[in-house]
Amino acid sequence: MSVLASPTLAAPSTLVGSDHEPIEVQRVQQGTATPPQQTAPTRPLIAVAHRGAAGTAPENTLAAIDEGHRLGAETVEIDVQLTSDEEIVLMHDTTLERTTDVTEVFPDRAPYDVGDFTLEEIERLDAGSAFDQEFAGEPVPTLREALDRLQEHEMNLLLEVKEPSLYPGIEHQISVELARSPYWLVPNAPDEPHRLVVQSFDWESTEHSKSLLPSVPHGLLGQVPKDRIADYDWAQMINPDHESIDADYVAAVQSAGLEIMPYTINEADGMWHVLEMGVDGFITDFPETGQRAIAEFLEGRADLAADEESEGSEESVELAS
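Residues numbered from 1 in each chain as written. Predicted model: local features only at pLDDT ≥ 70, side-chain atom pairs only at ≥ 80, totals over all residues. Heavy atoms only, no water.

Engineer: Hey, could you run me through the overall build of the chain in this one?
Structural biologist: Helix and strand counts for the chain come out as ten helices and nine strands. Counting only residues that meet the buried cut, the chain has 50% of its 321 residues in that class. Across the chain, contacts joining residues at least 24 apart in sequence account for 58% of those joining residues at least 6 apart. Of the roughly 14,600 Å² of accessible surface on the chain, 47% is carried by carbon and sulfur atoms. (Helix = DSSP H or I, 4+ residues; strand = E, 2+ residues; numbered from the N terminus. Buried < 20%, exposed > 50% of the residue type's maximum accessible area, 1.4 Å probe, protein only. Contact = heavy atoms within 4.5 Å. Areas by Shrake-Rupley, 256 points an atom, 1.4 Å probe, with all protein chains shown as cover.)

What follows is the structure, encoded as structure tokens:
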């Protein structure tokens, strides 16, 4: 994946607006940042590494991002929430119990909501041992740390905002963090996966985020009814549960100019099923399996096209003789 040059930026203070103003790259070399196209038929099919590579590493950790990179993933999906001191951390559940040792470190702090702990407290937790002792001591990373690691690996990002109603202003906080790393606000080339997509199940929050980051593609998690897809013309993706869709729904999304990447598919048969529907990619805990399914699918499609071309040539020869 090629990496485009970062823009020449104004001073950080000029990039940070009020909660209702865009936090956006305002200047690039010799011009203004160009918003990405709404549809990108030349973009490759991708298997997005869910929560890093959650099938083989502790989810939403730097170790999981590294694992996704090791397995050849181009794009990673992570989840973010806010601490009590408004720092952005990677975490899927709204409580800390399932993936960390919070009940041991803070035995009297139930119900262990993410938003009840400071960053300093969360940094004391072990986010690796619950997955496997091999990862003992793996910390809960901040969004800043994740962005830096992803950039180091030249990977792309699907950034899911978890339960934004619990964290008023999180869209603004994310905008500010991204403004501090303008690399993420410069789109990839049209024939590459999106560098950054912000998504959420909370579509109102997603629209607010889009108003703050107008040149960044945004996605709606969940299934938008067919007759309402046109209402979300500000979005670039609809990413539903793979079990809730069929080929007609995929076609309806794409006909409206949006891309579709269903979640979370961990079996090769399921991956083939959605690929045959015509999706633009899918989200999986096992990106290596996903990439293999995509490669086999594309190879099969190429073989079929070659067979059809050969049959057409034979028919032409017969007609001419």
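Engineer: How do you make sense of helix 5 (residues 143-153) when you look at a structure like this?
Structural biologist: An α-helical segment advances 3.6 residues per turn. Residues three or four places apart therefore align on the same side. Among the residues of helix 5, those classed as buried are Leu143, Ala146, Leu147, Leu150 and His153. Along the long axis of helix 5, the arc covered by the buried residues comes to 130°, so they all point the same way. Following helix 5 by one or two positions, Glu154 has its phi on the positive side, about 55°. (Arc of directions from axis to C-beta.)

Engineer: Looking at this structure, I do not really get empty space enclosed by the protein. What am I missing?
Structural biologist: Counting across every chain of the model gives two cavities of 30 Å³ or more. Each pocket or cavity is described by its volume, and for the largest cavity that value is around 80 Å³. What lines the largest cavity is a set of twelve residues, and nearest its centre among them are Val186, Pro187, Leu196, Ser215 and Pro217. Approximately 40 Å³ is the volume attributed to the second largest cavity. Lining of the second largest cavity is provided by Glu59, Asn60, Thr61, Leu90, Met91, His92, Thr99, Ala127 and Val140. For the lining of the second largest cavity, the per-class residue count stands at four nonpolar, four polar and one charged. (1 Å grid on protein atoms, 1.4 Å probe; cavity = no way out; pocket = protein on both sides within 12 Å on 5 of 7 lines; lining within 4 Å. Points joined across faces, edges and corners; volume = space filled by probe spheres on them. Nonpolar A, V, L, I, M, F, W, Y, C, P; charged D, E, K, R; others polar.)

Engineer: Just to check I follow, could you spell out the pattern of salt bridges for this structure?
Structural biologist: Opposite charge on two side chains lets them pair, provided their charged atoms get close. Per the counting criterion, the structure on display carries 13 salt bridges. Among the ionic pairs, Glu59 bridges to Arg98, the shortest N-O distance being 2.8 Å. Of this pair, Glu59 sits in the loop between strand 1 (46-50) and helix 2 (62-70) while Arg98 sits in the loop between strand 3 (88-90) and helix 3 (102-105), and the two are 39 residues apart along the sequence. With relative accessibility at 16%, the residue Glu59 sits in the buried group. If you follow the salt bridges from partner to partner, you end up with Arg51, Glu59, Asp79, Asp93 and Arg98 in one network. (Salt bridge = Lys/Arg side-chain N within 4 Å of Asp/Glu carboxyl O.)

Engineer: Is there a simple way to explain the packing of helix 6 (residues 170-179) against helix 7 (residues 203-212) in this structure?
Structural biologist: To characterise two packed helices, one gives the angle between the axes of the helices and the distance between these axes. At their nearest, the axes of helix 6 and helix 7 sit 9 Å apart, and the two run at 35° to each other. By crossing handedness, the relation of helix 6 to helix 7 is classed as right-handed. Seen from helix 6, the contacting residues are Glu171, His172 and Ser175; seen from helix 7, they are Ser205, His208, Ser209 and Leu212. (Axes fitted to C-alpha atoms, helices over the stretch in contact; angles between N-to-C directions. Left-handed = near helix turned anticlockwise from the far one by under 90°.)

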